[in-house]
Amino acid sequence: MKTFCGRANPATGALDWVEESEEYDYHQEIARSCYADMLHDHDRNEKYYQGIRAAVSRVKARGEKVIVLDIGTGTGLLSMMAVTAGADYCYAVEVFQPMAAAALQIVERNGFADKIKIINKHSTEVTVGLDGDMQTRANVLITELFDTELIGEGALPSYEHAHLNLVQEGCEAVPHRATVYAQLVESEQLWSWAQLQPVEVDGRKLLPPPAVGGCAGAHSVCDIQLSQVPPDRFTPLGPRCTMFSVEFSKPVSSAPQSHSSRFTAQSSGRAQVVLSWWDIDMDPSGSIMCSMAPSWTYPDPGSSPWRDHWMQSVYFLPVERKVVKGEELSLTVNHDDYSLWYSIQTVSEAPTCRPCCVCQAHLVWTRPRFGELNDRRRTQSYVNALRSVTESVCLGVSDGSLLPVFAHMLGAKKVLLFNCVLDANSMRGGVQILGIRPDQLSSTDLDGEQISVLMGEPYFSTSLLPWHSLFFWYCRTSLARLLAPDATILPCSATLNMVAVEFRDLWRIRAPCGTCEGFDVGPMDEMKSLDFHESREAEPHPLWEYPCRALTQSKAVMNFDFLQCVPAQPISSKGSIPLIRRGRCHGVALWMDYQLNDDITVSMGLTKPVSDEGVCEWSLHRKQGVYFFRSPWEGSGDEGASISYTFTFEPSIGDIKMDFTVDSSN
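What you are looking at is a predicted structure, and each value in this text was computed from that prediction instead of being measured.

Parameters and conventions
Residues numbered from 1 in each chain as written. Predicted model: local features only at pLDDT ≥ 70, side-chain atom pairs only at ≥ 80, totals over all residues. Heavy atoms only, no water. Helix = DSSP H or I, 4+ residues; strand = E, 2+ residues; numbered from the N terminus. Rg over C-alpha atoms; globule rule 2.2 N^0.38 Å. Buried < 20%, exposed > 50% of the residue type's maximum accessible area, 1.4 Å probe, protein only. Contact = heavy atoms within 4.5 Å. Areas by Shrake-Rupley, 256 points an atom, 1.4 Å probe, with all protein chains shown as cover. Lys, Arg positive; Asp, Glu negative; His and termini not counted. Charge placed at Lys NZ, Arg CZ, Asp CG, Glu CD. Polar contact = N/O pair within 3.5 Å; in protein donor to acceptor, adjacent residues only side chain to side chain. Core = buried A, V, L, I, M, F, W, Y, C linked by side-chain atoms within 4.5 Å. Axes fitted to C-alpha atoms, helices over the stretch in contact; angles between N-to-C directions. Parallel < 35°, antiparallel > 145°, perpendicular 65-115°, else oblique. Left-handed = near helix turned anticlockwise from the far one by under 90°. Nonpolar A, V, L, I, M, F, W, Y, C, P; charged D, E, K, R; others polar. Salt bridge = Lys/Arg side-chain N within 4 Å of Asp/Glu carboxyl O. Pairing = 2+ DSSP bridges. Right-handed = clockwise from strand over helix to strand, strands pointing away. Phe/Tyr/Trp six-rings, centres within 6.5 Å; stacked < 30°, edge-to-face > 60°. Lys NZ or Arg CZ within 6 Å of the ring centre and 35° of its normal. UniProt positions renumbered as here; feature names shortened; annotations may be inferred.

Asker: Please explain the overall build of the chain as it appears in this structure.
Answerer: The helix and strand inventory of the chain stands at 14 helices and 36 strands. Computed over its C-alpha atoms, the radius of gyration of the chain comes to 27 Å, within 12% of the 26 Å expected for a compact globule of 666 residues. On the principal axes, the C-alpha backbone points of the chain span a range of 90 × 70 × 50 Å. Put simply, the chain has 666 residues, and 56% of those count as buried. When contacts within the chain are restricted to residue pairs at least 6 apart in sequence, those whose partners lie at least 24 apart make up 76%. Within the structure as shown, the chain displays about 27,400 Å² of accessible surface, and the carbon and sulfur contribution to it stands at 49%. Side-chain charges of the chain comprise 56 positive and 81 negative groups, with the mean position of each set lying 3 Å from the other.

Laid out in C-alpha cells, this is it:
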C-alpha cells in the first residue's frame, strides 16, 4: 500500500503530493531525528547511568524489588542500564512505533528480553493490573522527556499522569530534579531577531508599520547553540538567576505557574533578551548533574559537552526597557504545560501578560528572517543595486521583502507587490498591491505597461534548502511575456557553491551508533530508514551554530542565468576539487550567492573568504545545505586526494540532485 506525502516544489512554490511507500513518514522521522545525537552524548548517557545505579541501590537498600517504568525509552538504552544495575523488571514505554520496534530488537540482541517489556503506547494510555500493560506500579521512574525548553515535549503532563496512575508514592526518579536558569542581557545581534527595525535609505528613515514595530511577538522559544554567541555579542544586565525547580520523585502539576527572581542590575543598558538553560540532577544530593549551560559559563569552555538535542533558549521581551545599574528588578518566568515566557519589571510592578503576536509577521517570518531584514550592510547592498530604478515599472517577487519599498523611495514610477510596510510610510500613492500569484499577472494589471525592473532577494518562506529560492527563476520565466526587452533582472544570476568540511561536532547527528555505554545499539544503524532517500540528500543547517573547518577551497559549481528563462532540459555540472588541508572530511557545505549586478554579490553562505587555517564564517540569516558522506574521509591534505562531484538541476521539479566521491588515486 502506498501513501501520498507533501513535498515542497521549488518550481512552483507549492506543495506537491508524491507517492511514497506506506513506511515513508516513519523513515523520514527517524532519518532526521536526534536519536544518533543522543546516543553519542556520552555526558548525558554516563550521568543517566550513574543516577540509575544510585536509584536502584536506594530501593534495594529498603529491601524492595526494583520495578522500573521508563517513559520515552527510545532505543531502550536506559532500561538496559537499569537491568544491568540490578533492577528486577522494567516497563519501557515508547509511543513511536518504529522506535518501539527498534527497541525490541536492541533489547533482544543484548539479552534482556526476559527483563524488559516494550510497551508501544503513550504513557497516559498505559494500564496497570493483572490484565494491564504493567502488573504493578513501579518504584523507580526513569524518563527522558525533555527538550531545549525542558517542558516542550509534554514532560509535566506525563509526570503528572505517571504519579497518579503508574508509580508508587515515594518512588525514586531519574532524573530527580530539573532547575531552570535565566539571565537578562542586552544584545544587538539577538534583538535584531525580535522586531522589524527602522531602516535608512539615502538619509530617509523607513519605519515599520505600528502593528509590526510595536508587536510583542510570539512567546515561542528561539532555540540555538548559545555557545556560538560569544560573550562580546551581549551585555549581561544581571546575574544568572535560578528561576524554578521541579522534583520528579514527587507529584508534579501541569497547571500554569509563575516564578520570580529579584536581583540588582549590574550594568546599565536596554533589557531586551533573556538567555535560559537548565540542568538535571540525577540524584537527590545533586552530586550527579547534567548541565545544558553554554560553554562560556565553564571555567574551561573547551570542557563543555556538545549536544544538539538539548540546546539553549533565547526569549525576547515584549518591549525593550531601559535599565540603570543598581536598580532593583524582578525577572519573572511563566509557564503552562508546554511552554515558558519571561517578563522584566521593577519589584513594585506586576508582571506583564503572556505576549501575543498581533501583526502576523512573527507567525510567518522566522527569527533569523527578522535579523536578515534588519541587517544594515545587506540592505545597503540592495539599495546600491536599485539606484537605477528611476522612472521604472518595478515588480517585486519575494516573500515579505522590503525591496519594493526601497525601489519606491529611490524614485520608481510604479511598484507592484508591496507589503504592509507602506502603511507606516505614506507610500501608497505610487504602488499597487496585488493579491495574485506572479504567473497570474496580466498586461491588464500593469495598465498595458511592461515591467522594466524585476527584483527579488530572493526569499520564499517555503524554501528549505538554499537552491529552493530558484523559485524566483520560475517566476521570472512565467513573467517573460510582460518584461520589457531591456528589463533589469535583479539578481541577474546565481551560483551554487560548495566546500568540503570537517565538523567539530555536527557529524555526530549522522554517525553510526554501534555500541553505546557497553550496549549494542546496532539495530539503529541497520534500520532501513537510515538508508532512506531523505537521509541521502542534503539537509538544511544554520552553520554559524556548528563550527567547521574547510578542507578545500570554496568553489562555484553551478551557474543560473536569470536573464534567460528556465531551460526545458536538465543542467549538469561535473568536476573535482582538491583536498588541501589535513582533517576528517565529513561532507560538503552548500549555499547560494546572488549577483545583483556586475559589481554587487550577496552571499547566503560564507561571509568572508576561508582563512588559511580553514576557518569558515557563515551568514547568521540563512541555512546552508549539508551533504553528509556515509563514511568520513581521513586525509593528510598532501596526498593528492580530491572530491569529485556531479550536480544535476532538474527543471521539472526545481531541485538539484548531487553525488560525491573521494578520489585518492592522483
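Asker: Looking at this structure, I do not really get the environment of M80. What am I missing?
Answerer: By the secondary structure assignment, M80 is in helix α4 (residues 77–84). When its relative accessible area of 0% is taken as the criterion, M80 is described as buried. Sequence separation of M80 and W618 is 538 residues, and the distance between their C-alpha atoms is 41 Å.

Asker: Even after reading the chapter, I still don't get α4, so can you show me in this structure?
Answerer: An α-helical turn contains 3.6 residues, so any two residues separated by three or four positions project in the same direction. Counting buried positions along α4 yields seven of eight residues, so the element is predominantly enclosed. Backbone geometry just downstream of α4 places G86 in the positive-phi region, at approximately 120 degrees.

Asker: Can you help me understand the side chain of S343 in this one?
Answerer: Relative to the elements of secondary structure, S343 occurs in strand β19 (residues 340–346). Among the residues examined, S343 registers a relative accessible area of 2% and is labelled buried. One polar contact links S343 to Q345, side chain to side chain, over a distance of 3.1 Å. The contact partners of S343, leaving out residues within four places of it in the chain, are L317, S330, L331, T332, P351 and T352.

Asker: What should I look at first to understand the nonpolar core in this one?
Answerer: Looking at soluble globular proteins, one finds that nonpolar side chains tend to be buried together. Membership of the largest hydrophobic core comes to 129 residues, with the highest contact counts inside it found for L69, L275, Y342 and W618. Looking at which element gives the most residues to this core, the answer is strand β15 (residues 269–281), with seven residues. If you look at the next biggest cluster of nonpolar residues, it comprises 86 residues, including V383, L446, V453 and M558.

Asker: Is there a simple way to think about helix α6 (residues 155–165) in this case?
Answerer: Residues A155, L156, S158, Y159, H161, A162 and H163 constitute the buried set of α6. For α6, the secondary structure elements touched by its buried residues are β3 (67–71), β6 (138–143), β7 (167–174), β13 (241–247) and β18 (328–335).

Asker: Looking at this model, I keep getting lost on the packing of helix α3 (residues 42–61) against α4. Mind explaining?
Answerer: Helix-helix packing: each pair is described by the crossing angle between the helix axes and the interaxial distance. Close contact between α3 and α4 brings their axes to 9 Å; oriented N to C, the two are set at 40 degrees. As summarised for this structure, α3 and α4 are arranged oblique, according to the angle between their axes. As for how α3 packs across α4, the hand of that crossing is right-handed. Residues R44, N45, Y48, Y49, I52 and V56 of α3 lie in contact with α4, whose contacting residues are L77, L78, M81, A82 and T84. Among the residues forming the contact of α3 with α4, the class breakdown is eight nonpolar, two polar and one charged.

Asker: I tried to follow the pattern of salt bridges on my own but got confused; where do I start?
Answerer: A side chain of one charge can pair with a side chain of the opposite charge if their charged atoms are brought near each other. With the rule as written, the count across this model stands at 33 salt bridges. Across the pair E144 and R44 runs a salt bridge, and its minimum N-O distance is 3.4 Å. Note that E144 is positioned in the loop between β6 and α6 and R44 in helix α3, a separation of 100 residues in sequence. Take E144 and R44: they sit in the same class, and that class is buried. Residue R369 is joined to E372 by a salt bridge in which the shortest nitrogen-to-oxygen separation is 2.7 Å.

Asker: Can you walk me through the pairing of strand β4 (residues 89–93) in this structure?
Answerer: In regular strands, side chains alternate between the two faces of the sheet. Burial analysis of β4 places four of its five residues in the buried class, which makes it a mostly covered element. Two strands pair when backbone bridges link them, and β3 and β4 are joined in this way by five bridges, in the parallel orientation. Residue pairing in the sheet places I71 in a bridge with V93 of β4. Once you follow β3 into α4 and on to β4, the crossover reads as right-handed. Bridge count between β4 and strand β5 (residues 116–119): four bridges; the pairing is parallel. What sits directly across from A92, in β5, is I118.

Asker: Explain the packing of aromatic side chains here, please?
Answerer: Throughout the structure, instances matching the rule amount to 27 aromatic pairs. Here W193 and W544 contribute two aromatic rings whose centre-to-centre distance is 6.0 Å and whose plane-to-plane angle is 75 degrees, an arrangement assigned as edge-to-face. You can see W193 sitting in the loop between α7 (188–191) and β9 (199–201) and its partner W544 sitting in the loop between β28 (539–541) and β29 (548–550), a full 351 residues away along the chain. One aromatic cluster is present, formed by F472, W473, Y474, F560, F562 and F649 through successive ring pairs. In this structure, R53 is placed above the aromatic ring of Y49, and the distance from its NZ or CZ to the ring centre is 3.7 Å.

Asker: What's the story with unusual backbone geometry in this structure? I'm lost.
Answerer: In terms of backbone geometry, most residues other than glycine have negative phi values and most peptide bonds are trans. Residue P175 is bonded to the preceding V174 through a cis peptide linkage, with omega at 0 degrees. Along the chain, the position of P175 falls in the loop between β7 and β8 (177–186). Of note, the bond from L490 into P491 is cis; its omega dihedral lies within 30 degrees of zero at 5 degrees. Counting through the fold element by element, P491 comes out in the loop between β24 (483–490) and β25 (493–503). The backbone phi angle of L150 is positive, close to 80 degrees, even though this residue is not glycine. Examined against the element boundaries, L150 turns out to sit in the loop between β6 and α6. The buried category is assigned to L150, whose relative accessible area is 2%.

Asker: Sorry, what's going on with the side chain of R476 here?
Answerer: With respect to the helices and strands, the residue R476 is situated in helix α13 (residues 471–478). D561 provides the closest opposite charge to the buried, salt-bridge-free R476, at an N-O distance of 7.2 Å. Beyond its immediate sequence surroundings of up to four residues, R476 is in contact with L454, L483, I489, F562, L563, Q564 and C565.

Asker: Could you clarify how one ought to interpret the UniProt feature "domain: Protein arginine N-methyltransferase" (unreviewed entry) in the chain in this entry?
Answerer: UniProt records the feature "domain: Protein arginine N-methyltransferase" (unreviewed entry) for residues 176–345 and 493–664 in the present numbering. Across residues 176–345, helical content stands at 5% and strand content at 46%; the span's end C-alpha atoms are separated by 32 Å.

Asker: Could you clarify how one ought to interpret the pairing of β19 in this entry?
Answerer: Of all seven residues making up β19, seven are buried, and the element is well covered by its neighbours. When β18 meets β19, the two strands line up antiparallel, connected through seven bridges. Bridge pairing links L329 to T346 in β19. Following β18, the chain reverses through four residues before pairing antiparallel with β19.

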